[in-house]
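Summary of the model geometry
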Amino acid sequence: MTTRTRAPDAGSLPLDQIIAGDCIDVMNALPECSVDLIFADPPYNLQLKGALHRPDNSEVDAVTDDWDQFASFAAYDRFTREWLAAARRILKPNGAIWVIGSYHNIFRVGASLQDAGYWILNDVVWRKSNPMPNFRGKRLTNAHETMIWASKAEGAKYTFNYEALKALNEGLQMRSDWVIPICTGHERLKNEKGDKAHPTQKPEALLHRVLLGTTNEGDVVLDPFFGTGTTGAVAKMLGRHYIGIEREADYRKVAEKRLAKVRKLDKSALEITTSKRAEPRVPFGQLVERGLLRPGEVLVNQRGQAAKVRVDGSLVSAEHRGSIHQVGALLEGAPSCNGWTYWQFKRDGQLIPIDILRQQIRTEMGKHG
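Within every chain, residues take consecutive numbers counted from 1 along the sequence as written. Confidence filtering applies because this is a predicted model: local features only for residues at pLDDT of at least 70, side-chain atom pairs given and counted only at 80 or more, and all residues used for totals across whole chains, interfaces and linings. By convention in this description, side-chain values take in all heavy atoms of the structure and omit both hydrogens and water.

Considering the overall build of the protein chain
Condition: Strands are runs of DSSP state E lasting at least two residues, helices are runs of H or I lasting at least four, and both sets are numbered from the N terminus onward. Working definition: with a 1.4 Å probe on protein chains only, accessible area under 20% of the residue-type maximum means buried, over 50% means exposed, and in between means partly exposed. A 1.4 Å probe and the Shrake-Rupley method give the accessible areas. Residues count as covered only by the protein chains that appear here.
Looking only at helices and strands, the protein chain has 12 helices and 15 strands in total. The buried share of the protein chain, taken over its 369 residues, is 45%. When the accessible surface of the protein chain is summed, it comes to about 19600 Å², and 49% of that surface belongs to carbon and sulfur atoms.

Spelled out as structure tokens, the structure:
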């Protein structure tokens, strides 16, 4: 992993690097339609008025850095429009973007996203299980942040690993409210003085869920506000490529040290649960061609009704003929039938679902793919 001190040359894609510079300039120098996903944690424009103190009068380490200061809402909106336009240019047609923010900025960012041509897919509420209290006691505790997930345009394709997120959630469909703690303990990065390295460091669990659900192994993930490198660390671990853009030297230094310690998970660990529809299509006739089932062999259903395999991969029963699905549906008097789970063949006196043979071919295809 290296750090570039200037924008990349036009046409190059600086994979697994941190680029020093302004995110708009850097993105405008990257090739068009070259990035699979963008995760953006832009300045919140908190507009804090003076220091914030706890009840014991100790000062809260809040976001008071220059990078979060804007002269007006108009200035912030202008900045937002510019970086969103640069981001959209480099997204692939099937790419997507995630933007995270607080109530200070996320609604303005959401409107700018729509104005720029993005298509909002979901808003996700990150509910913090251990939020910072409201020390002044004049408002509700800010216990969540909002993320917007959007495709590049209306009707555009995008990656969504539905089954993987379902598996992550113990077999239940993943909801749009995520309960994840803020960074504490060993995950909270410190600078050389022992202070927080970054005031709004995001937990790796949050990025794990985002990247697992909306990218694939080998995809390019860009973070235009890289900070201390949470996006890059999780991307590297999950076998994705990252591109980080960060103008603050102190943050780059912490990120470089962090990323140097990250190791990619092994191939078997990176495999995810996929939808049946995503698996390679195997025609029933291929089982016949391969000799896994022979022409003339008899298949039976649960009720013992039989059909004979023909040389072209079709079936013929006493009354019906057609595909494994058509004959099954006719025997059941149903509008449709999944022939792969309906029919069985006999080996050594045992009835075996024909789907076992399909999975055997799929396994072989995976080994040679």
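Here's the deal with helix α2 (residues 73-90)
Here is the rule we go by: Each helix should span, by expectation, one fewer than its residue count multiplied by 1.5 Å. Whether two residues are in contact is decided by their heavy atoms: any pair within 4.5 Å suffices.
The end-to-end C-alpha distance of α2 is 26 Å, a good match for the 26 Å that 18 residues give at a rise of 1.5 Å each. Burial in α2 covers these residues: A75, Y76, D77, F79, T80, W83, L84, A86, A87 and I90. Buried residues along α2 sit in contact with α1 (23-29), β3 (35-40), β4 (91-101), α3 (106-115) and β8 (220-223).

Let's talk about the packing of α2 against α3
Counted only if it meets this: Every axis in this analysis is a line fitted to C-alpha atoms, fitted for helices over the stretch in contact. Angles between the N-to-C directions lie between 0 and 180 degrees. Small angles under 35 degrees read as roughly parallel and large ones over 145 as roughly antiparallel, with 65 to 115 read as roughly perpendicular and the rest as oblique. Each crossing gets its handedness from the near helix: less than a right angle anticlockwise from the far helix is left-handed, clockwise is right-handed. Each residue gets one of three labels, nonpolar for Ala, Val, Leu, Ile, Met, Phe, Trp, Tyr, Cys and Pro, charged for Asp, Glu, Lys and Arg, and polar for the others, Gly among them.
Relative orientation of the contacting elements α2 and α3 amounts to 45 degrees, with a least axis distance of 10 Å. The pairing of α2 with α3 is recorded here as oblique in orientation. Here α2 and α3 pass one another in a crossing that is right-handed. Touching F73, Y76, D77, T80, R81 and L84 of α2 are R108, V109, S112 and L113, all from α3. For the contact of α2 with α3, a count of residues per class yields 5 nonpolar, 2 polar and 3 charged.

Structural notes on unusual backbone geometry
The phi dihedral of D16 falls on the positive side, at around 55 degrees, and the residue is not glycine. Within the secondary structure, D16 sits in the loop between β1 (2-4) and β2 (17-19). One non-glycine residue, D348, adopts positive backbone phi at about 50 degrees. Among the structural elements, D348 can be located in the loop between β14 (344-347) and β15 (350-353).

Side note on the pattern of salt bridges
Selection criterion: A pairing counts as a salt bridge when a side-chain nitrogen of Lys or Arg comes within 4 Å of a carboxyl oxygen of Asp or Glu.
Enumeration according to the criterion identifies 13 salt bridges in this entry. D41 is the partner of K202 in a salt bridge, and the nearest nitrogen-oxygen pair spans 2.8 Å. In this pair, K202 sits in the loop between β7 (177-179) and α5 (204-214) while D41 sits in the loop between β3 and α2, placing the two residues 161 residues apart along the sequence. Side by side, K202 and D41 carry an identical accessibility label, which is buried. Between D77 and R108 there is a salt bridge; the shortest N-O distance is 2.7 Å. Of the two residues, D77 is situated in helix α2 and R108 in helix α3; the sequence distance between them amounts to 31 residues. A residue is classified by how much of its surface remains accessible, and D77, at 15% relative accessible area, is buried. On the basis of relative accessible area, R108 is assigned to the partly exposed category, the value being 29%. Members of the salt-bridge network, linked through shared partners, are E217, K264 and K267.

Side note on the nonpolar core
Quick note on the threshold: The set of buried Ala, Val, Leu, Ile, Met, Phe, Trp, Tyr and Cys residues whose side-chain atoms join them within 4.5 Å is what this entry labels a nonpolar core.
Residues W98, M147, W178, L206, V210 and L211 are the most contacted members of the largest nonpolar core, which totals 33 residues. Secondary-structure elements contributing two or more residues to this core are β3, β4, β5 (119-127), β6 (144-151), α4 (162-168), α5, α6 (230-237) and α7 (249-260). Among the elements that make up this core, the one with the highest residue count is α5 (5 residues). Not counting the four nearest positions on each side in its chain, L206 is found in contact with I100, W126, M147, W178 and I180. If you look at the next biggest cluster of nonpolar residues, it comprises 30 residues, including V26, A87, V109 and L222.

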